[in-house]
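Understanding the architecture of this molecule
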There are 2 protein chains.
Amino acid sequence: MAETENSIEIPQDFDSLKATILERKAQLPKRLRQVAAYALDHPDEIAFGTAASIATAADVQPSTLVRFAQHFGFEGFSSLQLIFRARLRERTPGYDERLRALSGNDHSKLESGSIFNGFVAAAHRSLDNIASSVEPEAFERAVNILAGAETIYLVAKRRSYPISGYMAYAFGKLKVRYQMVGTAAGIDDDILVMAGPKDAAFAVSFSPYASESVDQAKLLASRKVPVVSLTDSAFSPLVESSKVWFELVEADHAGFRSLSASMAFAMALTVAVAEKRRRNAPGV
Amino acid sequence: MAETENSIEIPQDFDSLKATILERKAQLPKRLRQVAAYALDHPDEIAFGTAASIATAADVQPSTLVRFAQHFGFEGFSSLQLIFRARLRERTPGYDERLRALSGNDHSKLESGSIFNGFVAAAHRSLDNIASSVEPEAFERAVNILAGAETIYLVAKRRSYPISGYMAYAFGKLKVRYQMVGTAAGIDDDILVMAGPKDAAFAVSFSPYASESVDQAKLLASRKVPVVSLTDSAFSPLVESSKVWFELVEADHAGFRSLSASMAFAMALTVAVAEKRRRNAPGV
DNA sequence: TAGAGAATAGAATATTTATTCCGTTCCGTC
DNA sequence: GACGGAACGGAATAAATATTCTATTCTCTA
C-alpha cells in the first residue's frame, strides 16, 4: 500500500507537516524524496507556484507532486498547497510560540476562557501589525509636528474616544498643552475657530468613521492646522485632511476589537512628543 | 480612453503600486475605488485568493477586478496579483529592524523610534503577564456576577477612565445596561444610592489609587452590591471591597505605562458578559 | 535472472479559474 | 430631458492548472 494514509492523521499546519516529512524522508522513494527536499527548501515556491512550475523547478513531473501530496494523506496537490499558504499568512516571528503559550494555560477549559485567550491573542497580533506597518520616518514627522505645536487638539469620538482620553491624561501629567474636542457640536466649533497654524491636531477615527471627527479634521486642515491622524485604512476620510497618517488595524476576536495596539501607539506618540519638547526647550 | 495606461509606467512593486493607487483614488469610479480600498486593506487576500473569491469578498464582479488591473496598466488580474505575491515573499521587516537600518547620525529619529519600540515591547510583556496571572476560575466568577446584574456600574477615574469609557461604549452596542460613575462627586452619590444587591459594579484603579474610586467601591460594597475590580496589587484598597479582583501590572517603558493589556482584559470581560447574558436569556 | 510489485513519466482529461464580450445602467453635458 | 460616453454586471468563452490513467521503468526478492 502506497496510497493515502488514512490510519495516521493528516498534518494541519506547516510545522507538523514539516515534522512528518522529516520523519519519513528516509523511506521515501527517489522522486518523492526529491519533492520533499525541494518543498522544505523552497516553501515559498510551493505556496505560490503552479504544479507545473514547481515540477519543473524540482525536476519531477506534475503527477509526482500529486502522488507526494497523497502519500501524506492529502487529497491532492492543491490541499497540500493550502498548508504552505497558511504558513505565509501567519508569518509573524513568535506567532505559534505565543499560541502554544496560550493554549497551555487553563483558560481554554472554561467557557469564558476562550474569549479571554482570544482577545489576548488578538492584542498580540495587533501589536505585531503596528510594529511592521508604522514607518519610523512617519512617526518622527508626527512627533515633530506635535512637539512644535502650541496647543494640541485631540479629536476622537465614540470608539476612539478612550484613546484621546488617555492621551489627554498623559499630556496633562507631562505639562503639554492640549484641548480635547468633545461631542457637543456647538462648543466644539467655538473651540476649533481658535486653532491656527501654530497649533496641531491629533485625530483618531476607525470605520465607521464618525462624521463629526471627519468634519472637524477637515475644518482644522482648512485652517492650516497640521493634522496627524490614526485610522484603519488608507481610504479613510481622515487621510485627505492629514499631514501624516498611520494605518492601524486592530485584530478582532469574534468580530469585536479591543484598543490594545492603539493604546500602545498613543502612549508612544505622547511620550515621544513630550520628550522632544523637553529637549528643544530645556530652559522652560 | 479607460484602458491601459501606456503613457505612464506600470508599478513593479507593491510600494509604488500602493502610491499610485492612493494618488489616483479620488478620480476612480465607484466600483474600482471599492476594489482599491479592499486591495489595500486586505493585501493578503489578493495574494492568495482567486478572482472569484476576492470579487465576492469585495462585493464586485470578477470582471471588475480585471478592469481594475487594466486601469493601472496591467494586462489582467493575474499580473496584478503577482505584485501582491512578491510582497509576501520578501518578508516584511519589523519596526525595530527598519529603525536599525536608518542612518545612524539622526539621533532624534532614533530616539522617537526607540520610544515606539519600547511601548510595543512593553505591551507584549503586559499581555504575556495577564495571560498567565489571571485565574480562569476567577474570570468565570467575575463574568457570572456581571452577567447576572441588572445594571453594571462602572467605576474609574483618571488613568483608568479610558477603560471604563471603552466598556461603556461596548456595553451600549451590546445592549447591556450600565451606568458610568463619573467625576462630579455630588452626582455620583445620587447615582450610587440607586444601586442594590441585584446590580453589580466593575471598578478599575491603579496606584496611586484615586480616593473617589476607593470610596465609591466601599460604598457599593456596603450596599451589598457585588464588586469586581481590576487593580495592580494585592494590597490595593479596592481589594477589601471586592467579591472578585484581578491583579494586572502593565509593563512600563521609561516609567510610563500604557493600557494595552487592561484594554484587552476589559474587552474580554465585556464580551464574555454579553455572551453569557445572551445564552441565559435567549428569548429576550 | 526472472518475476512481481512499486514507482515513474508523460499524455489525456477534468476541473478550476481568468478573461472577454455585450446588453444595460449610470452619469455628466448640452 | 435627451444624448453620448464611461462604467458595470453577468454569462459565455478561453486559458490555465490539477488530476488521472496507462504504458514503461525500476527495484527488490526468490
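Residues numbered from 1 in each chain as written. Chains lettered and ligands numbered in written order. Predicted model: local features only at pLDDT ≥ 70, side-chain atom pairs only at ≥ 80, totals over all residues. Heavy atoms only, no water.

A short note on helix H10 (residues 161-173) of chain A
Residues and elements named next belong to chain A. The criterion, for reference: Secondary structure follows DSSP: runs of H or I at least 4 residues long count as helices, runs of E at least 2 residues long count as strands, and numbering of each begins at the N terminus. The span one expects for a helix is its residue count, reduced by one, times 1.5 Å. In this scheme, a residue with accessible area under 20% of its type's maximum is buried, one over 50% is exposed, and one in between is partly exposed, where area comes from a 1.4 Å probe on protein chains only.
In this model H10 runs 19 Å from its N-terminal to its C-terminal C-alpha over 13 residues, within 8% of the 18 Å that 1.5 Å per residue would give. Among the residues of H10, Pro 162, Ile 163, Ser 164, Tyr 166, Met 167, Ala 168, Ala 170 and Phe 171 are the ones counted as buried. Phi turns positive, to about 60°, at Lys 175, one or two residues after H10.

Let's talk about the layout of surface pockets
Condition: Here a cavity denotes grid points, spaced 1 Å and computed from the protein atoms alone, that fit a 1.4 Å probe unable to get out, and a pocket denotes an open set having protein on both sides within 12 Å along at least 5 of 7 lines; residues with an atom within 4 Å of a point are the lining. Grid points are joined across faces, edges and corners, and a volume is the space filled by probe spheres set on the points. Charged residues are taken to be Asp, Glu, Lys and Arg, nonpolar residues to be Ala, Val, Leu, Ile, Met, Phe, Trp, Tyr, Cys and Pro, and polar residues to be all remaining types, Gly included.
Approximately 470 Å³ is the volume found for the second largest pocket. What lines the second largest pocket is a set of 23 residues, and nearest its centre among them are Tyr 166 and Tyr 169 of chain A together with Arg 159, Ser 207 and Pro 208 of chain B. Of all the elements in the fold, those that place two or more residues in the lining of the second largest pocket are H10 of chain A together with strand E7 (256-257) of chain B. When the residues that make up the lining of the second largest pocket are grouped by side-chain class, the tally is 12 nonpolar, four polar and seven charged.

What to know about the packing of aromatic side chains
This is how the line gets drawn: Stacked, tilted and edge-to-face are the three classes assigned to paired rings of Phe, Tyr and Trp, where Trp is represented by its six-membered ring and a pair needs centres within 6.5 Å; plane angles under 30 degrees give stacked, over 60 edge-to-face, the rest tilted. Ring-over charges, as used throughout, are those where CZ of Arg or NZ of Lys falls within 6 Å of the ring centre and within 35 degrees of the ring normal.
The tally for this structure, following the rule as stated, stands at 17 aromatic pairs over all chains. Ring geometry for Phe 139 of chain A versus Phe 116 of chain B: centroids 5.1 Å apart, planes at 55°, classification tilted. Here Phe 139 of chain A is found in helix H9 (residues 136-147), whereas its partner Phe 116 of chain B is found in helix H8 (residues 107-133) on a different chain. A residue is classified by how much of its surface remains accessible, and Phe 139 of chain A, at 0% relative accessible area, is buried. Taking the centre distance of 6.3 Å and the plane angle of 65° together, the rings of Phe 139 of chain B and Phe 246 of chain B count as edge-to-face. Here Phe 246 of chain B lies in strand E5 (residues 244-247) and Phe 139 of chain B lies in helix H9 (residues 136-147), a separation of 107 residues in the sequence. Taken together, the ring pairs connect Phe 116 of chain A together with Phe 139, Phe 246 and Phe 265 of chain B into an aromatic cluster. For Arg 87 of chain A, the ring lying beneath its charged end belongs to Phe 14 of chain A, and the centroid distance is 4.9 Å. Between Lys 25 of chain B and the ring centre of Phe 235 of chain A, over which it is positioned, the NZ or CZ distance is 5.1 Å.

Details of the sheet that holds strand E4 (residues 227-231) of chain A
Residues and elements named next belong to chain A. As a reminder of what qualifies: When DSSP finds at least two bridges between two strands, those strands are taken to pair. The angle between two axes is taken between their N-to-C directions and runs from 0 to 180 degrees, where each axis is a line fitted to C-alpha atoms and a helix contributes only its stretch in contact.
Strand order in the open sheet made by the five strands is E2-E1-E3-E4-E5, with parallel pairing throughout. In this open sheet, the two strands that pair with only one neighbour each are strand E2 (178-181) and strand E5 (244-247). The mean inter-strand angle of the sheet, taken between neighbouring strand axes irrespective of direction, is 15°. Two elements, strand E1 (residues 152-156) and strand E3 (residues 200-205), share five bridges in a ladder whose sense is parallel. Bridging across to E3, Ala 156 finds its partner in Val 204.

Remarks on helix H5 (residues 62-71) of chain A
Residues and elements named next belong to chain A. Cut-off, in case you're wondering: By arc we mean the arc of the directions from the helix axis to the C-beta atoms, nothing more. The contact criterion used is simple: two residues touch if any of their non-hydrogen atoms lie within 4.5 Å.
Along H5, the residues that are buried comprise Thr 64, Leu 65, Phe 68, Ala 69 and His 71. Along the long axis of H5, the arc covered by the buried residues comes to 160°, so they all point the same way. Elements that come into contact with the buried residues of H5 comprise helix H1 (14-24), helix H2 (30-41), helix H4 (51-58) and helix H6 (77-89). Following H5 by one or two positions, Gly 73 has its phi on the positive side, about 95°.

Notes on the nonpolar core
Stated formally: Here, nonpolar core means buried Ala, Val, Leu, Ile, Met, Phe, Trp, Tyr and Cys residues that are tied together by side-chain atoms lying within 4.5 Å of each other.
In terms of nonpolar packing, the biggest core is built from 103 residues, with Phe 139 of chain A together with Phe 265 of chain B touching the most fellow members. Once residues lying within four places of it in the same chain are set aside, the contact partners of Phe 265 of chain B are Phe 116 of chain A together with Ile 130, Val 134, Phe 139, Phe 202, Leu 230, Phe 246 and Leu 248 of chain B. Of all hydrophobic cores here, the second largest spans 56 residues; its members include Ala 39 of chain A together with Leu 17, Ala 37 and Leu 65 of chain B.

Notes on the domain arrangement of chain A
Residue and element names in this part refer to chain A. Note the threshold: The source of the domain bounds is an automatic or database domain assignment. Buried area counts how much accessible surface, traced with a 1.4 Å probe, disappears from two parts once they are put together, with both parts' losses summed. The salt bridge definition used is simple: a Lys or Arg side-chain nitrogen within 4 Å of an Asp or Glu carboxyl oxygen. The definition of a polar contact used here is a pair of N or O atoms within 3.5 Å, where within protein one atom must be able to donate a hydrogen and the other to accept one, and adjacent residues in sequence count solely through side-chain atom pairs.
Domain boundaries assigned for chain A yield domain 1 (14-89), domain 2 (95-126) and domain 3 (134-280). For domain 2 versus domain 3, the distance between C-alpha centres works out to 31 Å. For the pair domain 2 and domain 3, the summed buried surface comes to about 620 Å²; carbon and sulfur atoms form 66% of the total. Where domain 2 meets domain 3, there are zero salt bridges. Counting across the interface, domain 2 meets domain 3 through two residue pairs in polar contact (both at pLDDT 80 or more).

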